[in-house]
Amino acid sequence: MTTSTHEQIKLMLEENSCEGCEGINRNFICVHIEAIAELPSRFGDFHIVAFSNNQDGKEHVAIIKGEVFGAEDVPVRLHSECLTGDVIGSLRCDCRDQLEAALKKIGGMDKGIVLYLRQEGRGIGLINKVRAYSLQDQGLDTVEANLALGFRDDERDYAVAAHMLHSLQVQSIRLMTNNPKKIAQLEQYGVKVNERIPHILPSNEHNRFYLETKAAKSGHMIDFRGKQHLEEQSDMTIVEGMEEIMMKDKG
Ligand SMILES: [Zn+2]
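Procedures and definitions
- Residues numbered from 1 in each chain as written.
- Predicted model: local features only at pLDDT ≥ 70, side-chain atom pairs only at ≥ 80, totals over all residues.
- Core = buried A, V, L, I, M, F, W, Y, C linked by C-beta atoms within 7 Å.
- Buried ≥ 20, exposed ≤ 12 C-beta atoms within 10 Å, placed from the backbone.
- Helix = DSSP H or I, 4+ residues; strand = E, 2+ residues; numbered from the N terminus.
- Contact = placed C-beta atoms within 7 Å.
- Expected span 1.5 Å × (residues − 1).
- Pairing = 2+ DSSP bridges.
- Axes fitted to C-alpha atoms, helices over the stretch in contact; angles between N-to-C directions.
- pLDDT = per-residue confidence, 0-100.

(A) Structural context of the nonpolar core. With 47 residues, the main nonpolar core has Ile113, Leu115, Ala161 and Met164 as its most contacted residues. Among the elements of the structure, strand E1 (31-41), strand E2 (44-53), strand E3 (61-65), strand E4 (74-80), helix H3 (95-107), strand E5 (112-117), helix H6 (154-167) and strand E6 (173-176) are those that each provide at least two residues to this core. At seven residues, the largest contribution of residues to this core is made by H6. Residues within four places of alanine 161 in sequence aside, it is in contact with Leu78, Leu115 and Leu117.

(B) Spotlight on H3. Look at H3: 18 Å from first C-alpha to last across 13 residues, which is about the 18 Å you get at 1.5 Å a residue. Along H3, the residues classified as buried are Cys95, Asp97, Gln98, Leu99, Ala101, Ala102, Leu103, Lys105 and Ile106. Tucked inside the fold, the buried residues of H3 contact E3, E4, helix H2 (83-87), E5 and E6.

(C) Up close: the pairing of E1. Where E1 and E2 come together, ten bridges link them in antiparallel fashion. Opposite histidine 32, over in E2, you have serine 52 as the bridge partner. In textbook terms, the turn of a hairpin is the stretch between consecutive antiparallel strands, and for E1 and E2 this stretch comprises two residues.

(D) Geometry of the sheet that holds E2. Pairing in this open sheet of seven strands is mixed, and the strands run E1-E2-E3-E5-E4-E6-E7 from one edge to the other. Bordering the open sheet on either side are E1 and strand E7 (193-197), each of which pairs with just one other strand. When strand polarity is set aside, the average angle formed by the axes of neighbouring strands in this sheet is 25°. Sheet topology places E4 next to E5; five bridges connect them, and they run parallel. Of the residues in E5, the one forming a bridge with histidine 79 is tyrosine 116. Sitting on the sheet, H3 touches E2, E3, E4, E5 and E6, and the angle it makes with E4 is about 160°. Here helix H7 (residues 180-188) sits on the sheet in contact with E6 and E7, set at roughly 160° to E7.

(E) Summary view of the confidence of the model for the chain. Chain-level statistics for the chain give a pLDDT mean of 82 and a share of 77% at 70 or above. Per-element confidence in the chain is highest for E6, whose mean pLDDT is 98, and lowest for helix H8 (residues 208-217), whose mean pLDDT is 66.

(F) Spatial organisation of helix H4 (residues 126-137). In this model H4 runs 16 Å from its N-terminal to its C-terminal C-alpha over twelve residues, within 8% of the 16 Å that 1.5 Å per residue would give. Downstream of H4 by a residue or two, glycine 139 has a phi angle that is positive, lying close to 105°.

Here you go:
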């Protein structure tokens, strides 16, 4: 870690203390940096920044490459936690592929950020996600299964993510996403998005079925046993070799 990064972190931790942030308050968003450490990984050398907030009580983190404090045009990826995909390698979704592709890409850049947001199952939690999987196992489609789950408040999630970027003093970003709506929502919360970087997954044996089912089933994420997949990340999947335009109807 460079000396300047050390100094900046010390300053940011001191500046970050805030009165009046006790308890949940939907009208006043508090997002704080609580700790920063180096995080060497198989995808590159990062820093991990742990945040607290008064909106959802979750411990979100930023995985940071290089000098991002006060920087312009920082490549950023928002990733929603998916225990089954990220950790277990479940093939019911492509979350792990999306996360690894983002970490590899940003790990190879001079700077960038992955915001790892602890909103399991699109914010409905792990138990409800497993319930939805179970309903699908019993033959329900994703729409029917989702009805059993209730709806997720997307805006709150983006508000916390936007405040995390503000806390890191990022001036402007290039968002790695296939979803233009995500850009509009971040901009609502005052994040300057200068560019969209399409998030295209490398083709491999695990995600190739997206290409094949895309060709066979015109865009619906249905596996070879006929089951629909829960759409857990808000981005549509684009695999190398797949035309980006082909996925637009899914957005
Ligand atoms: Zn997932």
